[in-house]
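Observations on the model geometry
Okay, here's what each chain looks like letter by letter:
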Amino acid sequence: MSSRALKKLAGKSLEDELKKLNIDVEKNEASGAKPVQSKFSAFAFLNEGDEEEKEDEGDEEKQEVESVKAEAPTSAVTKKKSKKKKKAKKSRSATPVDDDEEDNDDIDKILAEVKQQEAKPKATLEQYDFEDEYDSTVEPSGIYDSNFKNFTTERLNSSLPLLSIKSFKNLDQDQEYKNLFGNSLSTELIEDANSTTSLAISPEMLQQFKKMGKMIRNWGGKDRRSIPGTSRKLLLSKIRDDWFPTQLKSVTMEELTDDEMFELLRYKEDDIDDADLHVKISKERNLGVRYFKFNKVTDTRSRIANTRFYASTVLTPDPESLMQLLQSNPYHQETLLQVAMVLLRQGDNKATSNALIERALFTFDRSFHKNFHELVMSAQNGLIRLPYEFFSNRQFYLNLFRYIVSLGERSLFETALTFCKFLLSLSPAEDPLGTRYFIDFYCIMSEEFEYLIQLSKSPLVTCYTRWYSPGIAFSTVIAYLELNKVDDAEREMQKAFEAYPYVAYRLLTDVALSSVAGVKESDFEVTHEVAVCAETYMVRAKLLWQKHLDFLSTNLEKLFKTKHKPVRGSFFGFLNAKEIPKEVPFNLIRFAILSGENKIMAKLPKSVWNRDDLLEFDVLPPKDGLSDLLINYVDQNLLGAIVQENTRDVGLDVSPEEAEVLREVFEVVPQREVNQ
């Protein structure tokens, strides 16, 4: 019930009570009863009169105030009337009271109650209306709502243990190597691996980098985690020997104020009042939630790099130009991530690609806000929010996604799972890159079976039907099997079957290599969303189910024989046909494109590929007044000059200052960069 509806209900109840009392007074006057002057006055609330009566009434008022806080006004009035009756019975033997006097007393107390209600903070009712009502719902919501109101602050609080990374040491891949190999892996061996260069760099240049590193205070240190200009340590990365030593940052970070948080929520809200949003922000703040954003550095050098990158990726894709840009700007984040993908696609050079991804991660790591750093270091990352509306925040999301994939390719599944938790915690409701579509894989591969089961039962999955992804649904069955809980696995298989019958059919035919007579693919109504999210699981299903193929085939055959109904008319088996989503959610599209899996991307509708915002470095950015794009950090004059230079249709007529800028753009002088 909305706040407005509740207020109307309270108002009607009060009017009804007053009307009843007025009717009683009129009846008394018509019957010839002696009129009694009302005792209502400005001193009525001071409880003047007999001392014993004053104490009794004071106790009653305290009880009534407490009841008003817990109940709607209508129930409070009823409670007061019942107490009044009890008091009337008790006082009849002592002092007779006229009926009119009782009625006037009722009016006095009702009016006093109204004043008490008006004196209450407005947020009390608003808070109840906004989140308490959602907390009372059990069934998941089929369609996403603005600001994901079904995922309330209370549900977030209960999910914090599942979002926590447990210890910042779990973000260190070297820690997993130690866990895997124990004492056989010496510290010297790990240090030797960390000092190995992954990029083509001459020994002379490497020595020069080391000398420069010694000249910069706190560059690396013995643990390779010291940050220049601060006593804090790196949490996500380690400084490598072949990284150019510098005190300059690519981004900075700030914490958003309550007003900025309010604007962030309000621009996409279409259902609740501003007062409710303030309540949400207040409750989140009390819980400890903090909002942050990265800001790109906007000096001349950075704008030139941004412009060159934009020209080499958006206007005329040119990998060679990107390579040159990386030499002159070794910490330009967009270039680092883009070149890493170019190396993977063209040369399958995973070592170099992983090194560039980690270097990009370092640029964010060194720029963490003090409060952000403290929350991560204390494993309270579930309280951190990075709104996806800001461009540099989106680059950080992309960086983490790429890093998780690189960790998985090196079989560092525990570290990859920790980063999955970290990525999901930054925006657990929106989940802009679709972490829920692959977190189950890292749970199974790292043997975190209990965690996956807890996750599947938590509000992080149960609040919305889309959060119950095919991966979480069917991989939870594997988790139960690995824990020898066969009965639970069978129940979970039935639940997954009812939610995703088409995925169950694909598992039966493509993985278990079995079939059921009379069951064919045309029996299923497969929307684009079902097709895409099914493929997100099928690309790794064979690897996950290889130990439990007998269970898979036996149970799916049984379910199809007993529960299969051809042409299911809903997105999930337990949703009404009216709730079928018409479009593929953005986070699923982003995941499909960023995964690089051709089988997944092939299932996307053709209309997706006709969009003009599918840039690899910024897939489907939010389009609204609060969002910013890379074009906002580009020098338009320089971009026009580059276009002219590339097309060579006309000669360039530029000023000496612009000519100097162009020389910076097109002349790559690594030695000069080092000397600077």
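Conventions we followed
- Residues numbered from 1 in each chain as written.
- Predicted model: local features only at pLDDT ≥ 70, side-chain atom pairs only at ≥ 80, totals over all residues.
- Heavy atoms only, no water.
- Helix = DSSP H or I, 4+ residues; strand = E, 2+ residues; numbered from the N terminus.
- Buried < 20%, exposed > 50% of the residue type's maximum accessible area, 1.4 Å probe, protein only.
- Contact = heavy atoms within 4.5 Å.
- Areas by Shrake-Rupley, 256 points an atom, 1.4 Å probe, with all protein chains shown as cover.
- Polar contact = N/O pair within 3.5 Å; in protein donor to acceptor, adjacent residues only side chain to side chain.
- 1 Å grid on protein atoms, 1.4 Å probe; cavity = no way out; pocket = protein on both sides within 12 Å on 5 of 7 lines; lining within 4 Å.
- Points joined across faces, edges and corners; volume = space filled by probe spheres on them.
- Nonpolar A, V, L, I, M, F, W, Y, C, P; charged D, E, K, R; others polar.
- Arc of directions from axis to C-beta.
- Axes fitted to C-alpha atoms, helices over the stretch in contact; angles between N-to-C directions.
- Parallel < 35°, antiparallel > 145°, perpendicular 65-115°, else oblique.
- Left-handed = near helix turned anticlockwise from the far one by under 90°.
- pLDDT = per-residue confidence, 0-100.
- Core = buried A, V, L, I, M, F, W, Y, C linked by side-chain atoms within 4.5 Å.
- Expected span 1.5 Å × (residues − 1).
- Phe/Tyr/Trp six-rings, centres within 6.5 Å; stacked < 30°, edge-to-face > 60°.
- Pairing = 2+ DSSP bridges.

The name that an unreviewed UniProt entry assigns to the protein chain is Ribosome quality control complex subunit 1, with the source organism given as Candida parapsilosis.

1. As for the overall build of the protein chain
Within the protein chain, the secondary structure is distributed over 32 helices and 5 strands. Counting every position in the protein chain, which comprises 676 residues, the buried fraction comes to 50%. In the protein chain, of all internal contacts separated by at least 6 residues, the share reaching a separation of at least 24 is 75%. Summed over all atoms, the accessible surface of the protein chain reaches about 33400 Å², with 50% contributed by carbon and sulfur.

2. Looking at the side chain of Gln173
Mapping Gln173 onto the fold places it in helix α7 (residues 173-181). Engagement of the side chain of Gln173 in a polar contact is seen with the side chain of Arg410, the distance being 2.9 Å.

3. Quick notes on unusual backbone geometry
The backbone of Phe148 sits at a positive phi, close to 50°, despite the residue not being glycine. Within the secondary structure layout, Phe148 lies in the loop between α5 (122-135) and α6 (153-163). Look at Asn484: it is not a glycine, yet its phi comes out positive at around 60°. Relative to the helices and strands, Asn484 is located in the loop between α22 (470-482) and α23 (486-499). Using a relative accessible area of 68% as the deciding quantity, one classes Asn484 as exposed.

4. Examining empty space enclosed by the protein
Applying the stated criterion across every chain yields a total of 5 cavities of 30 Å³ or more. Residue lining of the largest cavity: 22 residues in total, with Leu265, Tyr291, Arg385, Ser427 and Ala429 positioned closest to the centre. Where the lining of the largest cavity is concerned, the elements lending two or more residues are α6, α10 (258-266) and α11 (274-287). For the lining of the largest cavity, the class distribution of residues is 12 nonpolar, 4 polar and 6 charged.

5. Remarks on α6
The set of residues buried in α6 consists of Thr153, Arg155, Leu156, Ser159, Leu160, Leu162 and Leu163. Down the axis, α6 shows its buried residues gathered within 160° of arc, on one side only.

6. Description of the packing of helix α25 (residues 528-545) against helix α27 (residues 586-595)
Between α25 and α27, the shortest axis-to-axis distance is 11 Å and the interhelical angle comes to 45°. In terms of orientation, α25 and α27 fall into the oblique class. Of the two elements, α25 crosses α27, and the hand of that crossing is left-handed. The segment α25 lies against α27, with Glu529, Val532, Cys533 and Thr536 engaging Leu588, Phe591 and Ala592.

7. Re the confidence of the model for the protein chain
Of all residues in the protein chain, 71% attain a pLDDT of 70 or more, and the chain-wide mean is 80. Segment residues 1-14 is flagged for pLDDT under 50; beyond a separation of four residues in sequence, or across chains, it makes 21 contacts in the model. Scored below 50 in pLDDT, residues 64-97 shows 31 contacts in the model against residues more than four places distant or in partner chains.

8. Details of the nonpolar core
Counting residues in hydrophobic clusters, the biggest one holds 150 residues, and the most contacted among them are Phe396, Phe474, Leu507 and Trp545. Apart from residues lying up to four places away in sequence, Leu507 is in contact with Phe474, Ala512, Tyr537, Met538, Ala541, Trp545, Leu552 and Leu556. Core analysis: the next-biggest nonpolar cluster, separate from the first, contains 12 residues, Met205, Ile227, Trp243 and Phe362 among them.

9. Considering the environment of Glu358
Assignment of secondary structure puts Glu358 in helix α15 (residues 350-365). Of the residues examined, Glu358 reaches a relative accessible area of 8% and is grouped as buried. Here the alpha-carbon distance between Glu358 and Leu236, two residues 122 residues apart in the chain, equals 8.7 Å.

10. Observations regarding α11
Compared with the 20 Å implied by 1.5 Å per residue over 14 residues, the 20 Å span of α11 between its first and last C-alpha is a close match. Buried within α11 we find Asp276, Leu277, Val279, Lys280, Ile281, Lys283 and Glu284. Once α11 finishes, Gly288 follows within two positions and takes phi at roughly 115°, a positive value.

11. A look at the packing of aromatic side chains
Taken as a whole and assessed by the stated rule, the structure comprises 35 aromatic pairs. Ring centres of Trp219 and Phe362 lie 5.9 Å apart, and the angle between their planes is 90°; this geometry places the pair in the edge-to-face category. One end of the pair, Trp219, is in the loop between α9 (203-215) and β1 (251-255); the other, Phe362, is in helix α15, with 143 residues separating them in the sequence. With a relative accessible area of 12%, Trp219 lands in the buried category.

12. Let's talk about the environment of Met341
Relative to the helices and strands, Met341 is located in helix α14 (residues 333-347). In the structure, Met341 is positioned 15 residues away from Leu356 in sequence and 9.6 Å away in space, judged by C-alpha atoms. If we ignore the near neighbours within four places in the chain, the residues touching Met341 are Arg402 and Glu616.

13. Let's talk about the sheet that holds strand β3 (residues 384-385)
Strand order in the open sheet formed by 3 strands is β1-β2-β3, with mixed pairing between adjacent strands. With one partner strand each, in any of the chains shown, β1 and β3 form the two edges of the open sheet.

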